[in-house]
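Chains, contacts and geometry: an overview
Below, each chain spelled out in residue letters.
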Amino acid sequence: MSDIIIGIDLGTTNSEVAVCIDGKIEIIPMADGSLMLPSVVGISPEGNLIVGHEARNQLALYPDNTVRSIKRKMGSGDSVNLGGHDYLPQEISAMILTTLKNAAEKYLGKPVTKAVITVPAQFNDAQRNATREAGRIAGLDVLRILNEPTAACLAYENNTPDKKKILLAFDLGGGTFDVSLVSIEGDVTEVIASSGDNHLGGDDFDQAIAERLQAELLEKDHGALDRIAEYRLIKAAEQAKMQLSEFAYAQIIENNLVGKNGDSMSLERELSRHEFDELLDPFVAKTVLAVRRCLSDAGVKADAVDDIILVGGSTRSSVFQDMIEREFGRRPHADIQPDLAVAYGAGMMAARLMGEQQHRILVDITPYTFGISCVGELNGQLCHYRFASIIKAGAALPVAREEVFFTIQDNQKSIDVNVFQGENPDARKNTLIGTFSIEDLSEQPAGNKIVMSMKLDLDGLLRCSASEKITGKRKDIVITNALAKLTDDELAKSRERVAKLFADQPPWNPLNSDLDDAEDAEDEDAIAGILADAMDANQDKADTKSAHGRKTADDASDMINTITQLAFRLQKVSQKMPREDLAEANELVQQMKAALNTGDTKAFHAACQELDDLLFYAES
Ligand code: AMP
């Protein structure tokens, strides 16, 4: 048998090593069991060389004895100081590679001397040579330097038929962002265009959260934080960011943060996914531009891209997946863990070089989308059967996700939750797989937050829960066999139940009534426009989803709540409103929408007050 060849993703933040065993690509665990090795090297207080988590943990305490992000310096010839000695970047990288090599040898029980190592597509010759050299110093013969986007695409598209495919790899890691178009035809893969930003990634998001937290802390306690407290805030920010990939809210609690003047401060703060998403707006905008630039450089239209592949840990933040869905009109592939995709691809290439027959990397994904019905806009009309997805088709299993919904009535006491499987925005056209209610909600004005969470495991067990955020009151159900294909009989039963469920709930829009003259038809358009505008305003501002109420921004939520409530009221009375009042109402909704977009709360409330008055008369 030929020598074993390992595939290495030598990353800026984390590194991984993969190998092909019996045709299957495996990521090799490190000594501590984790699949990812932080690309951090340090000298411990005892004087030992440490690589990985241990080194990362001492970054704040011993910055002079710790080196991170060495990849940024590869090929530069700039040396770095570690524990009083100067090292070339390739020497530091070699320490990381040696740790990976040792883990592989231990796992395989034999020596390893050959490797494939990945590098960013835009690495120049000096950077590629430095990477080869790092391998050599670590005792590895580097058989192939492979571009990272090519590797990621190989992980998804190995053994593709001869038909040419164009894939877009969207790679957002801790410190760098790359977007590449890769063409694959048989065994030939080529990066046809790439774009990105060498200084954009998850670290920036942590920093943005930490800055907000720090500003709030200092405003209260006056002063400045010491270095360790600053570092702790960054770590807390990263933790919160990671939680928000799954949960709608994250709690940040940090006690005894020491200020520069020696004062101790404490932080207890909730961060909502919405607030986080808003903080990310400027970063998301940069990635959009890079994606468009990459497409235009290659002369490829968005719809000519066969698949979009997520690479890098930061793509777990859903804003990026949503952005891709907006740009391309479809969800990206995320079935292979995005932070392992490059390593898997490096393992694939290593296996090819070994002449091994490799199987496709198989991951369990959900073929279905799961969500609930809610009040929302469908074809310009408000209805009870708008489908709001929570877990989207294609997500790797197990998966968990939370979304926030809002009550629509003051003092709403209960909520019926209908769980559906399907893709149609009209819940009635999807399959009902479970129902439950949450009762005895506390007395709150409309807009009471209800957190819906879904967890789907490999066995098809779908755990759904609804909880009232303010009290924590919660109701759960477990749906077994959520992944099973329903029989015709079950489907028919589901349809029957759905028909019953929404039988007396037509759209809340009187527009379907007979309109016999052209002027009335104009009214119809006017109202439809008002509603569409109101709902669009929701969508634009806060990616809102009307639900048992709607999902809104925390800070914009008051405005959005108000605009949607007024739209509901307008729906109900629009038929009996005089034409000129209707026109005025339309104008006022436009004003509210404009004010919502510019954040002009004063103008918003003025228009809102006027519309409220107008509706009051129409209702009485
Ligand atoms: P990578 O360079 O691919 O290893 O990605 C590292 C970045 O991914 C870091 O900024 C992490 O904080 C970030 N990251 C890892 N897991 C998650 C997650 N679950 N949600 C959001 N970001 C994450």
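For the structure itself, look to the data block above.
The residue numbering used here restarts from 1 in each chain and proceeds along that chain's sequence as written. Local features in this predicted model are restricted to residues whose pLDDT is 70 or higher, and side-chain atom pairs enter the listing and the counts only when it is 80 or higher, whereas totals over whole chains, interfaces and linings include all residues. Calculated side-chain values reflect all of the structure's heavy atoms, with hydrogen atoms and water omitted.

**Topic: the overall build of the protein chain**
Broken down by element type, the protein chain carries 14 helices and 27 strands. Exposure classes here rest on a 1.4 Å probe applied to the protein chains alone. A residue is buried below 20% of its type maximum, exposed above 50%, and partly exposed in between. Classification of the 620 residues of the protein chain by burial places 53% in the buried group. In this description, contact between two residues means that some pair of their heavy atoms is separated by no more than 4.5 Å. Counting only contacts in the protein chain whose residues sit at least 6 apart along the sequence, the fraction spanning at least 24 positions is 65%. Only the protein chains shown count as cover for residues, with accessible areas throughout obtained via the Shrake-Rupley method and a probe of 1.4 Å. Accessible surface, the protein chain as shown: approximately 27600 Å² in total, 47% of it carbon and sulfur. Going along the chain from the N terminus, every DSSP run of H or I of four or more residues is numbered as a helix, and every run of E of two or more is numbered as a strand.

**A word on the pattern of salt bridges**
A carboxyl oxygen of Asp or Glu within 4 Å of a side-chain nitrogen of Lys or Arg is what we treat as a salt bridge. Applying the stated criterion across every chain, the model contains 22 salt bridges. Here Glu 275 makes a salt bridge to Arg 212, at a shortest N to O gap of 2.7 Å. With Glu 275 in helix H7 (residues 273-298) and Arg 212 in helix H5 (residues 202-221), the pair connects residues that are 63 residues apart, well separated along the chain. Take Glu 275: its relative accessible area is 15%, and that puts it in the buried class. Between Asp 489 and Lys 493 there is a salt bridge, with the nearest N and O atoms lying 3.9 Å from each other. Residue Asp 489 and its partner Lys 493 are both found in helix H10 (residues 488-501); the two are separated by four residues, about one turn of the helix. As far as the burial class goes, Asp 489 and Lys 493 line up, both exposed. Linked by salt bridges that have partners in common, Arg 212, Glu 216, Arg 269 and Glu 275 make up one network.

**As for the site of the ligand**
Proximity criterion: a residue is near a molecule or strand once any of its heavy atoms comes within 4 Å of it. Taken together, 15 residues are adjacent to the ligand, and Asn 14, Glu 238, Lys 241, Ser 245 and Gly 313 come closest. In the environment of the ligand, an oxygen atom lies 3.4 Å from a nitrogen or oxygen atom belonging to the side chain of Thr 13. For the ligand, whose unbound accessible area comes to 510 Å², protein coverage reaches 86%. At the level of secondary structure, the elements contributing two or more residues to the shell around the ligand comprise H5 and helix H6 (227-243). Of the residues forming the shell around the ligand, the biggest block, three residues, is contributed by H6. Two N or O atoms form a polar contact when they lie within 3.5 Å of each other; inside protein one atom must be a possible hydrogen donor and the other a possible acceptor, and for residues adjacent in sequence the pair counts only when both atoms belong to side chains.

**Observations regarding the sheet that holds strand E5 (residues 40-43)**
Two strands pair under a simple rule: DSSP has to find at least two bridges between them. Strand order in the open sheet formed by three strands is E6-E5-E7, and the pairing between neighbours is antiparallel. The open sheet is flanked by strand E6 (49-51) and strand E7 (66-68), the only strands paired with a single partner. The average angle at which neighbouring strand axes cross in this sheet is 15 degrees, direction not considered. Sheet topology note: the E5/E6 ladder contains three bridges and is antiparallel. Pairing of Gly 42 across the sheet is with Ile 50, part of E6. Interaxial angles span 0 to 180 degrees and are taken between N-to-C directions of axes, which are lines fitted to C-alpha atoms, for helices over the stretch in contact.

**Describing the packing of aromatic side chains**
Only the six-membered ring of Trp is used, alongside the rings of Phe and Tyr, when aromatic pairs are assigned; centres must lie within 6.5 Å, and planes under 30 degrees apart are stacked while those over 60 apart are edge-to-face, with the rest tilted. Scanning the model with the defined rule gives eight aromatic pairs in all. Aromatic pair Phe 205 and Phe 283: ring centres 5.3 Å apart, planes at 55 degrees, arrangement tilted. You can see Phe 205 sitting in helix H5 and its partner Phe 283 sitting in helix H7, a full 78 residues away along the chain. According to the relative accessible area criterion, Phe 205 is buried, its value standing at 1%. Note on Phe 387 and Phe 420: the rings are 6.5 Å apart at their centroids and 80 degrees apart in plane angle, and the pair reads as edge-to-face. Note that Phe 387 is positioned in strand E19 (residues 381-391) and Phe 420 in strand E21 (residues 415-421), a separation of 33 residues in sequence. You can call Phe 420 buried: its relative accessible area is 0%. Taken together, the ring pairs connect Phe 170, Phe 177, Phe 205, Phe 283 and Phe 320 into an aromatic cluster.

**Considering the side chain of Thr 118**
Within the secondary structure layout, Thr 118 lies in strand E10 (residues 114-119). Other than its neighbours up to four places away in sequence, Thr 118 contacts Ile 8, Asp 9, Leu 10, Leu 146, Glu 148, Ala 151, Val 342 and Ala 346.

**Regarding the sheet that holds strand E24 (residues 462-468)**
Pairing is antiparallel across the open sheet formed by four strands, whose spatial order is E20-E23-E24-E25. The sheet is open, and its two borders are formed by strand E20 (399-406) and strand E25 (474-479), each paired with just one other strand. Adjacent strand axes in the sheet meet at a mean angle of 15 degrees when their direction is disregarded. Sheet analysis places strand E23 (residues 449-456) next to E24, joined by seven bridges and oriented antiparallel. If you follow Met 452 over to E24, its bridge partner there is Ala 466.

**What about the pairing of strand E11 (residues 141-147)?**
Walk down a regular strand and you will see the side chains alternate between the two sheet faces. Where E10 and E11 come together, six bridges link them in parallel fashion. What sits directly across from Thr 118, in E11, is Leu 146. Orient the strands so they point away from the viewer, and a crossover whose first-strand-to-second-strand path over the helix runs clockwise is right-handed. On the question of chirality, the crossover connecting E10 to the parallel E11 by way of helix H3 (residues 125-137) is right-handed.

**A short note on H3**
To estimate the expected span of a helix, count its residues, drop one, and scale the result by 1.5 Å. Its 13 residues place the ends of H3 18 Å apart at the C-alpha level, agreeing with the 18 Å of an ideal helix rising 1.5 Å per residue. Gln 127, Arg 128, Ala 130, Thr 131, Ala 134 and Gly 135 are the residues of H3 that are buried. Down the axis of H3, the smallest arc covering the buried residues is 160 degrees, so these residues share one side. H3 presents Asp 125 and Arg 136 as exposed residues on the side facing more than 90 degrees away from its buried surface. In this structure Asn 124 caps H3, since a side-chain oxygen of it lies 3.1 Å from the backbone nitrogen of Ala 126. In the segment just after H3, Gly 139 is the residue with positive phi, at about 85 degrees. Think of the arc as the fan of directions from the helix axis to the C-beta atoms.

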